[in-house]
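# Topology and contacts: notes
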2 protein chains.
Amino acid sequence: MLKGLEQMLKKDFDIEFKNHEILEAAFTHVSYLNEKPNLKNRGYYERIEFLGDAVMQLCVSEYIFKKFPKMPEGKLTRLRAAMVCEDSFSKFATECHFNEYIRLGKGEEKGNARQRTSLLCDIFEAFIGALYYDQGKDAVVKFISKVIFPKLDEGWFDHLMDNKTELQEFLQQNGECKIVYGEVSVTGPDNQRTYTMNVSINGKVMGEGTGRTKKLAEQMAAYKALKKLNK
Amino acid sequence: MLKGLEQMLKKDFDIEFKNHEILEAAFTHVSYLNEKPNLKNRGYYERIEFLGDAVMQLCVSEYIFKKFPKMPEGKLTRLRAAMVCEDSFSKFATECHFNEYIRLGKGEEKGNARQRTSLLCDIFEAFIGALYYDQGKDAVVKFISKVIFPKLDEGWFDHLMDNKTELQEFLQQNGECKIVYGEVSVTGPDNQRTYTMNVSINGKVMGEGTGRTKKLAEQMAAYKALKKLNK
């Protein structure tokens with residue numbers, strides 16, 4: 001597995017690890033080691049993930065702090081939370097084909113752990129931790145400049161931002177006002193519903209959004225209203 | 001204020017800022033700017049605090065990750081939470097005399113904001129953010145190696161660790177057992193109570209602790225039990 005992973009990292013990201021053990025550990029679930037009592041490298045991803053989480057927090061914070069010099073702290077915090085979260089990281093892990101290289105025990109494999117969002121997120125963080133440990137922050141920034149930062153300009157994180165809170169905070173700066181979310185339509189079969197919701201401000205519809213849950217549709221409606229208000 | 005602050009930083013910590021504006025902003029509350037509409041430097045601490053928080057997360061994570069190579073991820077996370085928290089940071093801020101240099105509006109000053117734990121914590125994080133922005137991570141590590149890391153060996157964070165959770169998790173690895181916390185004594189006048197609590201494991205007292213609240217006394221009792229169990 002390690003050889004294939006190293007070839008992929010070299011080919012896709014021009015990354016070569018000096019410390020092969022830590023890279024291997026970052027892609028190893030403890031259930032795999034439990035089945036192989038004689039393996040020499042006893043490392044698994046949990047500790048490295050702890051480090052990687054903090055590395056991501058800083059790299060993303062620094063990037064958006066500099067990219068948006070006028071953005072207030074509350075919005076920076078919401079944007080960071082949208083970028084550094086299980087949902088985003090698990091998608092990056094799949095996009096980078098990390099899921100193909102995870103070493104799992106048989107039980108976990110049968111339980112479909114390889115597709116589990118939380119595991120994919122952990123592995124992404126563990127990879128970041130291993131890269132930081134092996135090569136330092138600049139190497140991490142170079143990697144996420146390819147994998148994550150371009151998505152910011154593509155609006156990739158907008159749907160994960162807490163637009164409802166932002167809309168409310170913005171409107172309340174200018175005194176009291178009434179914000180109401182209403183259902184426009186629900187379509188599709190039971191297991192594949194699509195919701196459309198709108199948001200009214202003092203009785204006037206200001207945005208409409210669609211999503212797989214009511215909450216996501218409301219977030220999208222709030223996002224549209226913020227755009228309309230030039231926020 | 002800036003001159004006094006810079007003299008103190010030079011004298012106590014051998015730190016000299018290149019960017020004076022960001023240092024000034026890190027010690028400025030927005031209420032101060034609201035009263036001085038003509039001030040040129042309109043920066044205040046909130047955005048820099050956002051950056052500083054992430055810097056601290058990484059520096060502390062990296063330090064304990066390397067210092068305790070066998071510590072499992074759950075305990076690393078609890079230790080980090082004890083080190084990177086409002087309670088700890090506000091104490092460091094006071095210890096470093098940062099409270100004396102904060103620029104506050106008159107209303108905030110009257111409301112005793114200068115003693116408020118949350119503000120002191122914010123200012124500490126903002127200073128870290130400013131130092132990182134001005135001089136990079138090595139300068140931050142040098143600073144916290146003086147101010148924070150030595151406290152780890154002095155047991156300074158032990159009372160902030162979630163020892164009760166750790167004790168429970170450790171004991172439950174070995175099957176079911178009964179953990180009971182009991183009151184030993186309450187002493188002192190109404191406004192200055194001291195509680196002593198003990199913890200029994202399967203009916204046997206394993207630790208006793210004292211604190212200003214029942215919860216703190218229980219945490220200390222759990223800590224003593226963990227020590228007894230060589231954890």
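Predicted model only: the values in this text are computed from it and were never measured. Within any chain, residue numbers begin from 1 and follow the written order of that chain's sequence. Written order determines the labels here, with chains lettered from A and ligands numbered from 1. The model is predicted, so local features are restricted to residues of pLDDT at least 70 and side-chain atom pairs to those at 80 or more, both for listing and for counting; the totals for chains, interfaces and linings are taken over all residues. Computation of side-chain values covers all heavy atoms of the structure but excludes hydrogens and water.

## Overview of the overall build of chain A
Cut-off, in case you're wondering: Segments assigned H or I by DSSP are reported as helices when at least four residues long, segments assigned E as strands when at least two residues long, and all are numbered from the N terminus. Buried means the residue's accessible area, taken with a 1.4 Å probe over protein chains only, is under 20% of the maximum for its type, while exposed means over 50%, and partly exposed covers the values in between. Here, residues are in contact when the closest pair of their heavy atoms is within 4.5 Å. Using a 1.4 Å probe, accessible areas were evaluated by the Shrake-Rupley method; residue-level cover was limited to the displayed protein chains.
Along chain A, the regular secondary structure elements total 12 helices and 3 strands. Once the C-alpha set of chain A is aligned to its principal axes, its extents read approximately 70 × 45 × 25 Å. Counting across all 231 residues of chain A, residues that qualify as buried make up 49%. For chain A, restricting intrachain contacts to residue pairs at least 6 apart in sequence, the fraction spanning at least 24 positions comes to 55%. Element-wise, carbon and sulfur atoms account for 48% of the exposed surface of chain A, whose accessible area totals about 11,700 Å².

## Section: the side chain of Lys151(A)
All names here are of chain A. The following threshold applies: By the criterion applied in these results, polar contacts are pairs of N or O atoms within 3.5 Å in which, for protein atoms, one can donate a hydrogen and the other can accept it, and in which residues neighboring in sequence qualify only through two side-chain atoms.
Within the secondary structure layout, lysine 151 lies in helix H10 (residues 149-153). A polar contact of 3.0 Å, which involves the side chain of lysine 151, links it to the backbone oxygen of valine 147. Beyond its immediate sequence surroundings of up to four residues, lysine 151 is in contact with Phe92, Glu95, Trp156 and Phe157.

## Describing the relation of the copies chain B and chain A
Note the following rule: Superposing the copies works by least squares over the C-alpha atoms of residues that have pLDDT at least 70 in both of them.
Least-squares fitting of chain B to chain A yields an RMSD of 0.1 Å, with the superposition described by an axial translation of 0.1 Å and a rotation of 180 degrees. Taken together, these values place the two copies in the relation of a two-fold axis. Take the interface residues of chain B: 100% of them recur as interface residues in chain A, which is what a same-surface contact looks like.

## Description of the UniProt feature "binding site: Mg(2+)" (unreviewed entry) in chain A
Residue and element names in this part refer to chain A. Counted only if it meets this: UniProt positions are given in the numbering used here, feature names are shortened, and annotations may be inferred rather than shown by experiment.
Those places that UniProt annotates as "binding site: Mg(2+)" (unreviewed entry) correspond, in this numbering, to Glu49, Asp122 and Glu125. Judged by maximum C-alpha separation, these annotated positions cover 77 residues in sequence but sit close together in space, the widest gap being only 6.1 Å. Within the fold, glutamate 49 resides in helix H4 (residues 45-67). Exposure remark for glutamate 49: the relative accessible area of 12% places this residue in the buried category. Excluding residues that lie within four positions of it along the chain, glutamate 49 makes contacts with Asp122, Glu125 and Ala126. For glutamate 125, the location among the structural elements is in helix H8 (residues 117-135). Here glutamate 125 falls in the buried class, since its relative accessible area comes to 8%. Excluding anything up to four places from it in sequence, glutamate 125 contacts Ile48, Glu49, Gly52, Asp53 and Phe89.

## Section: the packing of aromatic side chains
All names here are of chain A. Definition in use: Ring geometry is summarised as follows: Phe, Tyr and Trp rings, the Trp one being its six-membered ring, pair when their centres sit within 6.5 Å, and such pairs are stacked at plane angles under 30 degrees, edge-to-face over 60 and tilted between the two.
Applying the stated rule across the entire model yields 34 aromatic pairs over all chains. Look at phenylalanine 17 and phenylalanine 127: their rings are 6.1 Å apart centre to centre, the planes differ by 50 degrees, and that puts the pair in the tilted class. Of the two residues, phenylalanine 17 sits in the loop between helix H1 (2-13) and helix H2 (20-26) while phenylalanine 127 sits in helix H8, which places them 110 residues apart along the sequence. Like phenylalanine 17, the residue phenylalanine 127 is buried in the burial classification. Summarising the aromatic geometry, the rings of phenylalanine 27 and phenylalanine 127 are spaced 6.3 Å apart at their centres and angled 65 degrees between planes, so their arrangement reads as edge-to-face. Residue phenylalanine 27 is found in the loop between H2 and helix H3 (30-35), and its partner phenylalanine 127 is found in helix H8; the two are separated by 100 residues along the sequence. An identical accessibility class is assigned to phenylalanine 27 and phenylalanine 127; each is buried. The structure contains a cluster of three or more aromatic residues connected by ring pairs, namely Phe13, Phe17, Phe27, Phe89, Phe92, Phe98, Phe124, Phe127, Phe143, Trp156 and Phe157.

## Topic: the sheet that holds strand E3 (residues 204-211) of chain B
All names here are of chain B. As a reminder, the rule being used: Here, any two strands with at least 2 DSSP bridges between them count as paired. Each axis is a line fitted through C-alpha atoms, taken for helices only over the stretch in contact, and angles between the N-to-C directions span 0 to 180 degrees.
Read across the sheet, 3 strands follow the order E1-E2-E3 without closing on themselves; strand pairing throughout is antiparallel. Of all the strands in the sheet, the pair left with one neighbour each is strand E1 (179-187) and E3. Looking at each pair of strands side by side, their axes are set apart by 20 degrees on average, direction ignored. Inspection of the sheet shows E1 paired to strand E2 (residues 194-201) by 8 bridges, in the antiparallel sense. Each bridged residue has a counterpart across the sheet, and for threonine 187 the counterpart in E2 is threonine 194. Of the strands in this sheet, E1, E2 and E3 touch helix H12 (residues 214-228), which is tilted by about 135 degrees from E3.

## Overview of the environment of Tyr32(A)
All names here are of chain A. With respect to the element layout, tyrosine 32 can be found in helix H3. According to the relative accessible area criterion, tyrosine 32 is buried, its value standing at 18%. Here the alpha-carbon distance between tyrosine 32 and glycine 4, two residues 28 residues apart in the chain, equals 18 Å. Ignoring anything within four residues of it in the chain, the contact list for tyrosine 32 reads Leu39, Arg103, Leu104 and Gly105.

## Brief notes about the domain arrangement of chain A
This is how the line gets drawn: Where each domain begins and ends follows an automated or database-derived domain assignment.
What the domain assignment reports for chain A is domain 1 (2-153) and domain 2 (162-228). A separation of 33 Å is found between the C-alpha centroids of domain 1 of chain A and domain 2 of chain A.

## Quick word on the pairing of strand E2 (residues 194-201) of chain A
Of all 8 residues in E2(A), 7 are buried; the element is thus mostly enclosed. Connecting the antiparallel pair strand E1 (residues 179-187) of chain A and E2(A) is a turn made up of 6 residues, with Gly188(A) showing a positive phi of about 90 degrees.

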